[in-house]
Amino acid sequence: MRFSEDYLRDVRDNNDIISLAGNYVQLKRAGSTYSCCCPFHSEKTPSCHFYPNTNSFYCFGCHMGGDVITFVKEIEHLDYVDAVKFLAERAGMSMPDDVDDKSAQKRRRLLEINKAAGKFFHERLMSPEGKAGLDYLTNRGLSLHTIKRFGLGFAADDWHTLHMYMRGLGYSDFELADASLLSNNNNKFYDKFRNRVMFPIFDTRGNVVAFGGRTLGNDKAKYLNSGETAVFHKGDMLYALNIAKNTKADYFILCEGYMDVIAMHQAGFDSAVASLGTALTPQHANLLARLGKKEVILSYDSDAAGQNASSRAINLLANVGVHARVLKIEGAKDPDEFIKKYGGERFQDIIDKSGGAIDFQMDKLIGDLDLYTDDGKAQYLRRVVPFLAEIGNSLDRAVYIARAAKQTGIPQENISTAVESKVKSNKRKAKKEEQKSFLVTARDNINPTAVKLPREEKAERGIICFLFHNPEKYPDIQNALHENFVTDFNKKVYDFLAKLCQSGLQPDISAFNEEFNGFEMGRIKEITEDKTFAFDENALRDFINVLNEYKDSAAEKPAEEMTGDDLNMLAQRLKEKR
């Protein structure tokens, strides 16, 4: 263990999970527990529950769970040591002197590298060598104050300028390549970003985690972003969220690119953010939802790609309970150009007049159809009826059915009948899909072999739970078992638990965070908190017998009757005997 039992207990006890989770999600009290829409998967109704008495959480939808350390580790994308450090600092506790964690050290090293590179790029921009980059930014209308606020920089048109500078600071070529600052071709290293205006990307804690670069030359890639690293996952991050999270606005403005965001902030719209060279992801939607804003205004380009991106974003945001509105930008190709031509007041005006997601989708469905012709009306109805059937609220559905009737001149009751028929059809289809989904989930992604061996897997759960609550019985349990567990995940849990027992430690679920992710922690929480057999020694003996009988019967089977699992187990037995 990297941390003592007492230290982990103090960290946990000094970080109430309810007050901590309240910084990320909207909690609703339900008796002695709290619930919310899960921040780890998309859902419309709350299935994630928080338990003050055990300082833990569990989602009945995706099965993520664990304690306060698990929650921070998953929601902040931290490793085990950094999650403990995060909570220790939050509680005003110091870290133990003897903690040694290679992955945490690597993360800290990468953050140091990015910080140094960001400082270098910015200083280069403000020097005579960065004139081309500074001219580009000022010609785009950015003030020096804005340039400094966003830490913008410049990468020279050279293969080794950053390379040699960072080497001088003591960073190795491989470290710089791991940070996605150097490219590596057969162990020949060179600057990844060349002749580009640089946009440092910050996480919500203010660390530089990556860079984006806009070419000043004729490169095919107009924008180039850092690759994925140990501190940067673009599908989880939004540009400028470190600033926008503090906005007093009631909404976030979601843009396509860096310059749109920066232009908006300079004009006073400090809630603007952008995804990083990728379409909006479910993780982005969850991130926006848990920051407490109930509305997102989509400010994408008006071309076909932008329209499709808006449609996708609307659906993803709806899944996490966030209402979307869509800007109609006329007279300019994007927000940056609009603000330059017409100013901030006019931009605020189009924000105030932005339409809802359903209006946007219905207008999009019309497309190039002529609703004055019978053929145009028929085609539109074929498109709009399935769309209207997807509107969950019956009153909202009635409003937009009336709108479709007005658009086409078709009697409202006729459209309503078609829509309601489609609603019923969708429900039947959803029920079938739910049944299929149940069969899929029965495969058990956490412990796949459990499906083939349900009786043995249940016995393993019982043994783990008993040992967790009675660690002093470990020698007796180990002696009684002829061999170890037969399902992979439960074996991993039992082996980890055995180490704790052998060290004389009282098992604590916090310790499992060192080797298990949030979904695995959810399973461990299920196993250890089901106290049906936690202190039942008769049941324990039955569980041990189940495993021993399985091992003995598998060993006695003729080879032609053996399954793949049986053969693997027998091979392991023979190997151990040698």
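Cut-offs and rules
Residues numbered from 1 in each chain as written. Predicted model: local features only at pLDDT ≥ 70, side-chain atom pairs only at ≥ 80, totals over all residues. Heavy atoms only, no water. Pairing = 2+ DSSP bridges. Helix = DSSP H or I, 4+ residues; strand = E, 2+ residues; numbered from the N terminus. 1 Å grid on protein atoms, 1.4 Å probe; cavity = no way out; pocket = protein on both sides within 12 Å on 5 of 7 lines; lining within 4 Å. Points joined across faces, edges and corners; volume = space filled by probe spheres on them. Nonpolar A, V, L, I, M, F, W, Y, C, P; charged D, E, K, R; others polar. Buried < 20%, exposed > 50% of the residue type's maximum accessible area, 1.4 Å probe, protein only. Patch = residues over 30% accessible without salt bridge, like charges linked within 9 Å, V, L, I, M, F, W, Y side chains within 5 Å. Areas by Shrake-Rupley, 256 points an atom, 1.4 Å probe, with all protein chains shown as cover. Salt bridge = Lys/Arg side-chain N within 4 Å of Asp/Glu carboxyl O. Lys, Arg positive; Asp, Glu negative; His and termini not counted. Charge placed at Lys NZ, Arg CZ, Asp CG, Glu CD.

Peer 1: Can you help me understand the pairing of strand β8 (residues 188–191) in this one?
Peer 2: Note on strand geometry: in a regular strand, side chains alternate between the two faces of the sheet. Here strand β7 (residues 182–185) pairs with β8 via 4 bridges, running antiparallel. The residue bridging serine 183 from the neighbouring strand is tyrosine 190, located in β8. In sequence, β7 turns back onto β8 through a hairpin of 2 residues, with asparagine 186 there showing a positive phi of about 55 degrees.

Peer 1: Got a minute to help me understand empty space enclosed by the protein in this structure?
Peer 2: Over the atoms rolls a probe the size of a water molecule, and its path tells where empty space is left. Counted by the stated rule, this structure contains 1 cavity of 30 Å³ or more. Of the voids in this model, the largest cavity is the one considered here, and its volume is about 50 Å³. Forming the boundary of the largest cavity are Phe120, Phe121, Arg124, Phe154, Ala155, Ala156, Asp158, Thr161, Leu162, Asp191 and Phe193. Those elements that provide at least two residues to the lining of the largest cavity are α5 (102–125), β6 (153–155) and α8 (161–168). In terms of residue count, α5 provides more of the lining of the largest cavity than any other element does, 3 residues in total. Looking at the lining of the largest cavity residue by residue, the class counts come to 7 nonpolar, 1 polar and 3 charged.

Peer 1: Explain helix α11 (residues 258–266) here, please?
Peer 2: Note that an α-helix has 3.6 residues per turn; residues three or four places apart therefore point the same way. Taken across its 9 residues, α11 has 8 buried, putting it largely inside the fold. Buried residues of α11: Tyr258, Met259, Asp260, Val261, Ile262, Ala263, Met264 and His265, and no others. Immediately beyond the C-terminal end of α11, within one or two residues, lies glycine 268, with a positive phi of roughly 105 degrees.

Peer 1: How do you make sense of a positive patch on the surface when you look at a structure like this?
Peer 2: A grouping of Lys424, Lys427, Arg428 and Lys432 is seen on the molecular surface, where their side chains present a positively charged patch. Residue position: lysine 427 is located in helix α19 (residues 412–441).

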